[in-house]
Amino acid sequence: MKKASILILVLIAATIGILVASFGKFSTYETFASASEKPGNTYHVVGYLDKDQAQQYDPKKDPNNFVFFAKDKKGATHKVIFNGSRPQDFEKSEQLVMTGFMKDGNFHCSKIQMKCPSKYENDQIAVAKQPVAES
Amino acid sequence: MDQQFIGEHLLPGQLGHLFVITAFVASLFSAFSYMLAARREGLPEEAAWKNMARWGFIIQAISVAGIFISLYYIISNHLFEYHYAWKHSSRGLQVKYLLACFWEGSEGSFLLWLIWHAVLGLILLRTGKQWESRVMTVVCLVQAVLCTMLIGIHFGADIKIGSTPFSLLRHEMSQAPIFSQPNYLEFVKDGNGLNVTLQNYWMVIHPPVLFLGFALTLIPFAYAIAAMWKGEYKTWVKPALRWTLIGGGVLGTGIMMGGAWAYESLNFGGYWAWDPVENASLVPWLTLIAGLHTLVIYKSTGRSLKTTLIFFILTFLLIWYSTFLTRTGILGDTSVHSFTGEGKALYWHLIIAMAIYLALSLYFTIRSWKKMPRLAGEEEVDTREFWMLIGSIALLLSCLQIIAATSLPVWAPLYKKITGTDIAPPINPVEYYNGIQVWAAVIVALLTGAIQFLKYKKTGMAAAWKRLGLTALISLVLAALLVWGQEIRHLQYMVFAFSICYALTGNLLYLFTTQKLKLLKAGGSITHIGFGLMLLGILLSGYKKKIISLDRTSAMQNWDFGKKTFEENVKESRENVLIFRNTSVPMGKYMVTYLGDSLVQNDPPLTYYKVRYDRMDPRTGKIVESFILHPEAYVNPKGQDGISANPDAKGYWSHDVFTYITSLSKPQSESDTSVYRPFKMHKGDSVFLANSYLVYEGLDNKVSRSYEKQNGDIAVQAVVTAYGTTGRIGAVSPLYVIRGNEATSIEDTMRDIGVNIRINRILPEENAVEMGIRQRAQQDDWIVMKAIEFPYIRVLWGGIVVMVIGFFVSWWARRK
């Protein structure tokens, strides 16, 4: 066998190894209920803003605390605590993808991705992102 | 019955649509004629077919220019009867952004791509020589496919081929009742305008460069197909190599401009976030670079021909795949970029386009696979070609990982069917990609440093070992200094630091000793040095990036962010800091003071916030340095709720200090509880306010401010000067206008100190005026901001510039 082929095979094997090993880093989309089964573990939850309930954002008290209620795809409504400032056009969001974990019945999240419909436009995606500090 | 509408300009749209169809037909005609010319090579008819094909291509190029001019005419004349103009532009848009709104939509982007193909095709017409017919057949075919993206023909109710930029507003939204009125245009006063986050000079220059890069990947692909078609594998190498060098330089610039844009104006907190849209354009660049290196191997040794052809085909397919990922909306929830999805029609259209290219490539590859020249025997381990091939494969594998992870939304439905799990992207994509890609970068960096000391075919290893060893020794010392100086604590980044030092030392050594600084011959070394510097910039800026705006004042809540220590939890949660006007908050080594805002009448209005940074000597407490940053924000633009912010940065050679607004106090009108207090003032009187005072300088009947003047107006202005603690701030001039029997007061504002001032009455008998003054309470005027320190970001930009220069030097050196 050619030496180049051997080395390339080794590289490919290493890549596959790394890929398989890193597969565990992929997250899953969960509901509030399934996320509460493993409290403290971080997941993506897709949901909708519950517009009937009040939102709280008072930067004077705490600029990194935005609280609202969201309904997940199964219809369960939970309090969501976002550690960041209130995203732009939040009222108009049609769908939210929240990254965080459940604790004591509340969803603590560090990242929100929103989908907003414009009047005549197709979906637009906006983001409120709290960049996680580099490790 | 056709309804008649008033005030529409239908001609430019009809012309534009005609040009699209002409361009499509002419491309097909040209492709067909070129194909026949190629098949009759050497026969007398060849010249006639070639001539026809050329004319076909020229007509195509003129039509593409015609499409551009029609659309530009529509946008620049604000013809809002056209959906494209209405959706992407507005009357108040500055001229420099007219081009930007041109390519905000996907039709405009495809048009940009068409334009570049046409330009490159015209160059190939002149320079193609014996390869012209075959290469241009491929170019014309791709151009025809691209034209179908703009055709916009409906078959029945459901099938739509392409999307024309010339469709009318009333067709796109036929259900809206306004379009039943013949004079509907009188109600469409203004367009939607360009998304405010895109109103930026990067939006003017980044897309053209990126799409030129996209277009340039077509040419190595076309040469690869042409070579297999002709069965001749010698003379295509030189032109293909030069085009690949240009492509590598331009596409690399385009991608990095995107990074610079993200860094400078979008609030992603950095220049690279491993976002799917970024990845999708990075991957074809990496395969193009891999193909470039294997082509050099082939040129020098006759090996790696098949690998090269596959790399060029793959690059071109990946460009279209990236278009598929970014334009069809398939990325959905995983990308922060807000390209509007064109839905199912574009989805299938692009799949068919990719299938055509794949079929074409497979046909020629399978047909000529066995007939391709190959050398007997294998590469020796002590040769340059062996390690260059390994490096190219490493690049390919790194691409595979990136594209596999990026395509998650594509394969997730299948995965769910098999396993039942709804898989999502990693929680922290940056960490995920960095952790894997650092190893690919290590391999590639080490190889770029080492390979130049090896020779093609056979290396005298004694001399090579000496140099490789010397390079390693120097790099080890440098890396140790780097690891120590930058406090690098992770093993993989220590190895990364060593590999970067190795790449830089190896190439510098080669540049000085072997190439004797003949820069024009040293394109490769220059590119590699630039690449090394870029990696160094990535390491330094990424590893030590620091968010300095940490909120220490708010009531602490016991949040657990999964971090080990309390400090880390704090850091994780409190990156936004609130500052009241005229108060200071410590951030890193600075005291940061919010001074006030000022409004620029833009479309939509833009607000600047003045934020002063003072750096104090820790021992003496004296201010040693002071500067003001002006982060900007569009507040509630175009009826949106909230702010759209642009950061501002102060650059040092060693780091940038970066600031942006994340939240604001409500606009004055909504939150202000203060009232106008009356003050009777004689000339020279002053009024004391918080942090400032105003001096009334008298009345003036020459009005210097502009207001909506009418004939017969009697107007006076009061001259009032404002002073702060550090001296004069500026002047305000409220007006008092008598129009007929009515008197009106026009107020003026001094936003720096939050003051509104108006003339209540003029008291001529007392030689005085009564002013109404109100000052916004300081607790109602605040910003929430975030500040980040990015170290050594200039090393990164400098490295990229050097790298791109290297590509062009190589291209220039190979002109003969």
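Worth saying up front: this structure is predicted, and the values here are computed from it rather than measured.

Each value, and the rule that gives it
Residues numbered from 1 in each chain as written. Chains lettered and ligands numbered in written order. Predicted model: local features only at pLDDT ≥ 70, side-chain atom pairs only at ≥ 80, totals over all residues. Helix = DSSP H or I, 4+ residues; strand = E, 2+ residues; numbered from the N terminus. Buried ≥ 20, exposed ≤ 12 C-beta atoms within 10 Å, placed from the backbone. Contact = placed C-beta atoms within 7 Å. pLDDT = per-residue confidence, 0-100. Pairing = 2+ DSSP bridges. Axes fitted to C-alpha atoms, helices over the stretch in contact; angles between N-to-C directions. Parallel < 35°, antiparallel > 145°, perpendicular 65-115°, else oblique. Left-handed = near helix turned anticlockwise from the far one by under 90°. Nonpolar A, V, L, I, M, F, W, Y, C, P; charged D, E, K, R; others polar. Expected span 1.5 Å × (residues − 1). Core = buried A, V, L, I, M, F, W, Y, C linked by C-beta atoms within 7 Å.

Caption draft 1: Highlighting the overall build of chain B. When you go through chain B residue by residue, the secondary structure sums to 22 helices and 24 strands. Summarising its shape, the C-alpha atoms of chain B cover approximately 110 × 80 × 60 Å along the three principal directions. Out of the 816 residues in chain B, the part that is buried amounts to 47%. For chain B, restricting intrachain contacts to residue pairs at least 6 apart in sequence, the fraction spanning at least 24 positions comes to 68%.

Caption draft 2: Quick look at the overall build of chain A. Helix and strand counts for chain A come out as two helices and eight strands. Looking at chain A as a whole, 41% of its 135 residues qualify as buried. Contacts in chain A between residues at least 24 apart in sequence constitute 46% of all its contacts with a sequence separation of at least 6.

Caption draft 3: Structural context of the confidence of the model for chain B. All names here are of chain B. Considering every residue of chain B, the mean pLDDT works out to 85; 92% of them sit at 70 or more. The secondary structure element of chain B with the lowest average pLDDT is helix α20 (residues 566–573), at 46, and the one with the highest is helix α9 (residues 218–230), at 97. Reported for the predicted complex are a pTM of 0.85 and an ipTM of 0.80.

Caption draft 4: Representation of the environment of Ala226(B). All names here are of chain B. With respect to the secondary-structure elements, Ala226 resides in helix α9. Given 26 C-beta atoms within 10 Å, Ala226 falls into the buried group. Through-space distance from the C-alpha of Ala226 to that of Arg134 is 5.1 Å; in sequence the pair is 92 residues apart.

Caption draft 5: Broad picture of the confidence of the model for chain A. Residue and element names in this part refer to chain A. Across chain A, the average pLDDT comes to 77, with 84% of residues at or above 70. Confidence, read as mean pLDDT per element, is least for strand β8 (residues 123–129) in chain A (32) and greatest for strand β4 (residues 66–72) (91). pLDDT under 50 marks residues 118–135. Its contacts with residues more than four places away, or in other chains, come to 46 contacts.

Caption draft 6: Expanded view of the pairing of strand β20 (residues 742–746) of chain B. Sheet analysis places strand β19 (residues 735–739) of chain B next to β20(B), joined by five bridges and oriented antiparallel. Within β20(B), the residue paired with Leu735(B) across the bridge is Ile746(B).

Caption draft 7: Layout of the packing of helix α2 (residues 45–76) of chain B against helix α5 (residues 106–127) of chain B. Residues and elements named next belong to chain B. Running from amino to carboxyl end, α2 crosses α5 at an angle of 150°, the nearest separation of the two axes being 10 Å. As summarised for this structure, α2 and α5 are arranged roughly antiparallel, according to the angle between their axes. Handedness of the crossing formed by α2 with α5: left-handed. Here α2 contributes Arg54, Phe57, Gln60, Ala61, Val64, Ile67, Phe68 and Leu71 to the contact with α5, which in turn contributes Leu111, Leu114, Ile115, Ala118, Gly121, Leu122 and Leu125. Of the residues assigned to the contact of α2 with α5, the class counts are 12 nonpolar, two polar and one charged.

Caption draft 8: Structural detail: the packing of α5(B) against helix α6 (residues 132–148) of chain B. Residue and element names in this part refer to chain B. Interhelical geometry of α5 versus α6 gives an angle of 165° and a closest axis separation of 10 Å. By the angle between their axes, α5 is roughly antiparallel relative to α6. Two packed elements cross with a definite hand, and for α5 against α6 that hand is left-handed. When α5 is examined against α6, the residues Phe110, Trp113, Leu114, His117, Gly121, Leu124 and Leu125 are found in contact with a partner set consisting of Glu132, Val135, Met136, Val139, Gln143, Leu146 and Cys147. Residue composition of the contact of α5 with α6, grouped by class: 10 nonpolar, three polar and one charged.

Caption draft 9: Geometry of the sheet that holds strand β21 (residues 748–750) of chain B. All names here are of chain B. Here we have four strands laid out as an open sheet, ordered β14-β23-β22-β21, and antiparallel in their pairing. The open sheet terminates on both sides in strands that have one partner only, identified here as β14 (677–682) and β21. When the angles between neighbouring strand axes are averaged without regard to direction, this sheet yields 35°. As paired elements, β21 and strand β22 (residues 755–763) share three bridges and run antiparallel to each other.

Caption draft 10: Seen up close, helix α8 (residues 201–216) of chain B. Residues and elements named next belong to chain B. For α8, which comprises 16 residues, the first-to-last C-alpha distance of 23 Å matches the rise-based estimate of 22 Å (1.5 Å per residue) to within 8%. Restricting attention to buried positions, one finds in α8 the residues Met203, His206, Pro207, Leu210, Phe211, Leu212, Gly213, Phe214, Ala215 and Leu216. Contacts from the buried residues of α8 go to α4 (98–102), α5, α9, α10 (237–264), α11 (276–301) and α12 (305–327).

Caption draft 11: Highlighting the nonpolar core. Within the largest apolar cluster, 203 residues are counted, with the highest numbers of intra-cluster contacts made by Leu216(B), Ala222(B), Tyr223(B), Ala226(B) and Ile500(B). Broken down by element, the residue count for this core peaks at 14 residues, all from α11(B). Apart from residues no more than four positions distant in its own chain, Tyr223(B) is found in contact with Trp131(B), Val135(B), Trp236(B), Pro239(B) and Ala240(B). Residues Phe32(A), Tyr43(A), Val80(A) and Met98(A) belong to the second largest nonpolar core, which totals 20 residues.

Caption draft 12: Representation of the pairing of β19(B) in the model. Two elements, strand β17 (residues 714–724) of chain B and β19(B), share four bridges in a ladder whose sense is antiparallel. Paired with Gln717(B) across the strands is Leu735(B), a residue of β19(B).

Caption draft 13: Quick peek at unusual backbone geometry. Of note in this structure, Asp104(A) is not a glycine but carries a positive phi near 50°. Of note, Asp104(A) is situated in the loop between β6 (95–103) and β7 (106–117). With a phi close to 50°, Lys129(B) is a non-glycine residue in the positive phi region.

Caption draft 14: Quick peek at the environment of Leu71(B). Residue and element names in this part refer to chain B. As for its position among the elements, Leu71 is in helix α2. In this structure Leu71 comes out as buried when scored by C-beta crowding, with 24 C-beta atoms within 10 Å. Remark: the alpha-carbon pair of Leu71 and Tyr82, spanning 11 residues in sequence, is separated by 9.6 Å. When neighbours within four sequence positions are excluded, Leu71 is seen to be in contact with Gly16, Tyr84, Phe102, Leu111 and Pro165.

Caption draft 15: Representation of the environment of Lys455(B). Residues and elements named next belong to chain B. For Lys455, the location among the structural elements is in the loop between α16 (429–450) and α17 (461–485). With 16 C-beta atoms packed within 10 Å, Lys455 lands in the partly exposed category. A C-alpha to C-alpha distance of 5.6 Å links Lys455 and Thr383, two positions 72 residues apart in sequence.

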